[in-house]
Every structure is written in C-alpha cells, then in structure tokens.
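These are the residues of each chain, in order.
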Amino acid sequence: MKIVVVGDVLLDTDITGSAQRLSPDAPVPVVDVDSTRRRAGGAGLVARMLARDGSDVALVTVLSDDAASADLRDALTGIAVTAGPSGAPTPVKTRIRAGDQAVVRFDEGCSPPPVPVVTAQMLSVLSAADAVVVADYGRGLTASPRLREALAELAGRVPVIWDPHPAGADPVPGVAAVTPNLPEALRSAGTGGSAGIPAALHAAETLLGQWHSRSVVVTLGSLGALVLPAAGLPQVIPAPEVQAGDTCGAGDRFAATLITALARGSALEPAVEQAVQAAAGFLAAGGVSALQREEPPVQLHSGSLDALSAARTVRGRGGTVVATGGCFDLLHAGHARTLSAARRLGDCLIVVLNSDSSVRRLKGEQRPIIAQEDRAELLLSLGCVDGVLVFEEDTPEAALERLRPDIWVKGGDYREDQLPEARLIKAWGGETVTVPYHPARSTTALAAALAKVG
C-alpha cells in the first residue's frame, strides 16, 4: 500500500541551549547554543512521520536549488521524493529554545510564491497512490490546475485527506476528509466565533457546503476533534489530557495517522479517534524534538497521560510520583477511598494494573469480570488517577522498575512480608506505605451480591 504525500515542504531549524543571564545590551535572554538541528517541515514532516511508522510513502512536492534546499534534501534522505522546480527560495523557519521554552522564531523566504509548474513525473507518482494526504502550507502548489484535476480524479477511488491552509487553495470536491484546525476553520468559513464546539460546528457546516467534501474534521487542540460527515450526526472525539509547551507538528501527526487508518479500511470516526490519540501521544513524548530520537510513540489511554509520560513530567518539575497496584475488578467505594488517599501523598498517581491474563492466574478462570481496557478506562475516569500502566506478570516488579515511583501505596490489610516489591522500591530511594483498609467493601463481596441478583 503506497501513501503519497502532496504539498509544500519547509526547512525547520531548531536551535536549542540554555539561558542563564540577560544581555547587557537589552533585557533579553542570552542563549548558549548546545545544538542546531535541521528537519523537514510541512509535507516533508508528514512524509517523515509516515516513513517512521513503516509506511511505503512517496513525497510529491517542489524544491528550490538554494543552499537551504540542499539541507532540506538531506533531511528527506530515505524518502522517495519527486520534485519539480519551486521557482522561489526555500522557506526556512528557525526556532530558538532555551531548555523547553521557545524564545523566538524567525522566518525566511516565506512570502507567497507564484504557482509552480507540476511535472508529468509528479503526476505519474500520484496516479499510483493507494491513499493521498495533501499537506497544503500556502505555497501555491495546490492551486495548480493539473494537480487539482489529478487529485479530484483520485478522490473518487482512493482515500484522500486534505490538510488546508488559510493562504492555500480550497480542497478539490469529493475528498474523504478536510482537516482544518479551529482557527483555520473559522477563518475559511468566515463565521466568526472564537472557541468551543458550537463555533466549530457552525464553521464545519459552512465548509462542508463550500468544499463539497465527504466530511470536515475540525481539530480542537486539547478538546480533541469534531467530525462532521456529509450524511449523519456530528461526533466529538475527546483528546487525552497532555501537557505540551510546543504543539508544532501535532497536526501533521494527526494527518499521517488519519490517512493510514483510512487506507487500511477504517471508518471515519474510528480513524479520527486513532489520529487524536496519536497526536496526543506525539505531544506527550516531546513533540518534534522526539523525532530526533529512535523511541516508539507514546500510547495513551483516553482521558489521561500515558503513565510513564505522566511520571516523567511530574519528576521533571521536581514533584513526587505515587503508585499503587492491583486488579481493580469491579470498582467499589473501598477502591475509591484507597486511590484518593494515595493521590494525596504526591503530585501524580499511577495505577499499576494486572492484565486480564495476570488476573486469571491469580484469581481463577472466572476473573476478571471486567476486561483490562475497561478497567483502565474506569480508573482513568477518576479525578485522582493520572495514569494506568498494565503489566502481564504475576507481580508488579518489572512495571515498577520501569516506573520507579517515589512512593508505593497498598491497602492497610497487607503486611510487610506480603509485599516483596518493597525491597525493590528501596533500591532507588523510594518508600512503601499503607493507607487504611475498608474490610466491608471488596470485589469478592460485590460479585457475590451481584450473583444473587442474577
């Protein structure tokens, strides 16, 4: 399955360092540069993400012949690139960061160029696509009549999604989804409003009629995404809660995941849900800076940070990571009291949860009553739980070794000799404590009561 990315490419330069003093010339920070990294942006970033995911990807774009273009070609090494002449300087966006804080960004060569020439070779690559993502960054490529004709024909037979730009051309009719963010949707629709679901829905309804696409998907940042199909009710896909100072690249991650899911035959709403989760995981893992590392993307449970990411964030702020563990089959008031008490001991609470197979080995073939995905989701719905880490083993030692909590909490019915993990916790300077146990409330008693009702 070949996914073709069509659109404008940029050169993104990240200059990072530390800022410990102000300049004597002006009240501005002095950044001592530690590193300078150059990477492909725009459609190039989408292609790089798809390649990193293991997709068979090709990039159709236009390139200049200047020095920045040479750096851009290097950043695209390993990706099949078919490029015509851009007729304009390579756009370069340079970000300067002190630690995790952005200080300034300056742009070069970003004035709108003339519509570039689309070559026969570019169209030939496009015609062989099994799925297409159009990443429009307002550089004129999507205004080419030849390219638009080819994309309109493809939209009738393969999934095509269109990530629009306010300075770009309108999507061609018939694409599977157009994916503006909320500011882009409001601007394109001219509907006004500033935030929230009503404003997004009003804009999406206007754009669906204006663009004649099969759906409009408005990305809403921390709220997730609004899906409006041409036929059917709108659906809001919630996003996991993440803390991210720099959201650069999240829209590209969303588009790359969405086209992959649609190309594999997914229906629209589940595909958008995957894309929302992937974008949140991308930000939780560090955003574009994580692309420099060979780490797998962070997987998130809906409604919360991934457990390891949550712990890393809290620890980075100098906070205290608390963990507790168990099966948590049929949540009851005793569980809620224990979890609430544990959360008050630190700055985040991670639940180390026995998997279904682990529960069966411990409690018999009739357990668990509730599957691990639902148990995790129920735990995450509690305001005191910040993350869930599922483990397959009979005991949580391996999971704890990964998490390394500062405090390990168990119910007060446990004795020290029943908690072999306490010695492990000590190995990194952590502590094991208990909180009050409520014997009148238990999963076994609740299950027995339910059996009588049945």
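A brief report on the enclosed structure follows. Predicted model, so just to flag it, every value in this text is computed and none were measured.

Parameters and conventions
- Residues numbered from 1 in each chain as written.
- Predicted model: local features only at pLDDT ≥ 70, side-chain atom pairs only at ≥ 80, totals over all residues.
- Heavy atoms only, no water.
- Salt bridge = Lys/Arg side-chain N within 4 Å of Asp/Glu carboxyl O.
- Helix = DSSP H or I, 4+ residues; strand = E, 2+ residues; numbered from the N terminus.
- Buried < 20%, exposed > 50% of the residue type's maximum accessible area, 1.4 Å probe, protein only.
- Patch = residues over 30% accessible without salt bridge, like charges linked within 9 Å, V, L, I, M, F, W, Y side chains within 5 Å.
- Areas by Shrake-Rupley, 256 points an atom, 1.4 Å probe, with all protein chains shown as cover.
- Pairing = 2+ DSSP bridges.
- Right-handed = clockwise from strand over helix to strand, strands pointing away.
- Axes fitted to C-alpha atoms, helices over the stretch in contact; angles between N-to-C directions.
- Core = buried A, V, L, I, M, F, W, Y, C linked by side-chain atoms within 4.5 Å.
- Lys, Arg positive; Asp, Glu negative; His and termini not counted.
- Charge placed at Lys NZ, Arg CZ, Asp CG, Glu CD.
- Parallel < 35°, antiparallel > 145°, perpendicular 65-115°, else oblique.
- Left-handed = near helix turned anticlockwise from the far one by under 90°.
- Contact = heavy atoms within 4.5 Å.

What about the pattern of salt bridges?
For side chains of opposite charge, pairing can occur when their charged atoms come near one another.
1) Next: Tallying each qualifying case throughout the model produces 16 salt bridges.
2) Next: Here Arg253 makes a salt bridge to Asp53, at a shortest N to O gap of 2.5 Å. Of this pair, Arg253 sits in helix α7 (residues 250-263) while Asp53 sits in the loop between α1 (43-52) and β4 (56-63), and the two are 200 residues apart along the sequence.
3) Next: Salt-bridge contacts for Arg375 lead to Asp356; the nearest nitrogen and oxygen are separated by 2.8 Å. You can see Arg375 sitting in helix α12 (residues 372-380) and its partner Asp356 sitting in helix α11 (residues 356-363), a full 19 residues away along the chain. The same class applies to Arg375 and to Asp356, which are both buried.
4) Next: Salt bridges linked by common partners bring Asp12, Asp14, Arg39, Arg95 and Arg97 together as one network.

Regarding a nonpolar patch on the surface
1) Next: A grouping of Val103, Val104 and Phe106 is seen on the molecular surface, where their side chains present a nonpolar patch of about 230 Å² in accessible area.
2) Next: Summarising the element assignment, Phe106 is placed in strand β7 (residues 101-108).
3) Next: The exposure class of Phe106 is partly exposed, given its relative accessible area of 38%.

Focus on the pairing of strand β5 (residues 80-85)
1) Next: Across 6 bridges, the pairing between β4 and β5 is parallel. Within the sheet, the bridge partner assigned to Thr61 lies in β5 and is Ala83.
2) Next: For the crossover from β4 across helix α2 (residues 67-75) to β5, the handedness is right-handed.

Describing the sheet that holds β7
1) Next: An order of β3-β2-β6-β7 is seen for the 4 strands of this open sheet, with the pairing classed as mixed. Every other strand in the sheet has two partners, leaving β3 (29-42) and β7 as the edge strands with one partner each. Between one strand axis and the next, the sheet turns through 20 degrees on average, direction left out of account.
2) Next: Note that strand β6 (residues 92-98) and β7 share 7 bridges and pair antiparallel.

Overview of the nonpolar core
1) Next: Ranked by size, the top nonpolar core spans 49 residues in total, and within it Val5, Leu50, Phe254 and Val272 carry the most contacts.
2) Next: Residues Leu126, Ala155, Ala203 and Val218 belong to the second largest nonpolar core, which totals 40 residues.

Remarks on a negative patch on the surface
1) Next: Together, Glu273, Glu373, Asp374 and Glu377 make up a negatively charged patch on the protein surface.
2) Next: With 3 residues, α12 is the largest single contributor of residues to the negative patch.
3) Next: Within the secondary structure, Glu377 is located in helix α12.

Some details on the packing of α1 against α7
1) Next: The contact between α1 and α7 brings their axes to 9 Å, and the two run at 55 degrees. Comparing their axes, α7 and α1 come out oblique. Considering only the axes of α1 and α7, their crossing is right-handed. Contacts between α1 and α7 involve Leu45, Val46, Met49 and Leu50 from the first element and Asp252, Arg253, Ala256, Ile259 and Thr260 from the second.

Looking at unusual backbone geometry
1) Next: Unusually for a residue other than glycine, Phe328 sits at a positive phi of about 50 degrees.
2) Next: Relative to the assigned elements, Phe328 resides in the loop between β14 (321-326) and α10 (333-343).
3) Next: Exposure remark for Phe328: the relative accessible area of 8% places this residue in the buried category.
4) Next: Residue Arg404 is not a glycine yet carries a positive backbone phi of 50 degrees.
5) Next: By the element assignment, Arg404 lies in the loop between α13 (397-403) and β17 (407-411).
6) Next: Judged by its relative accessible area of 39%, Arg404 falls in the partly exposed class.

With respect to the sheet that holds strand β15 (residues 348-354)
1) Next: Spatially, 5 strands are ordered β16-β15-β14-β17-β18 in an open sheet, and the strand pairing comes out parallel. The sheet is open, and its two edges are formed by β16 (387-391) and β18 (431-435), each paired on a single side. Averaged over all adjacent pairs, the angle separating strand axes in this sheet is 30 degrees, with direction ignored.
2) Next: By the bridge criterion, 6 bridges tie β14 to β15 in an arrangement that is parallel. Across the sheet, residue Gly325 finds its bridge partner in β15, namely Val352.
3) Next: Those strands touched by α12 are β15 and β16, and its axis lies near 165 degrees from that of β15.

Observations regarding the pairing of strand β11 (residues 215-219)
1) Next: Burial analysis of β11 places 5 of its 5 residues in the buried class, which makes it a mostly covered element.
2) Next: Side chains of β11 alternate between two faces, with Ser215, Val217 and Thr219 and Val216 and Val218 buried alike.
3) Next: Hairpin connection from β11 to strand β12 (residues 225-229): 5 residues lie between these consecutive antiparallel strands, with Gly221 at a positive phi of about 65 degrees.

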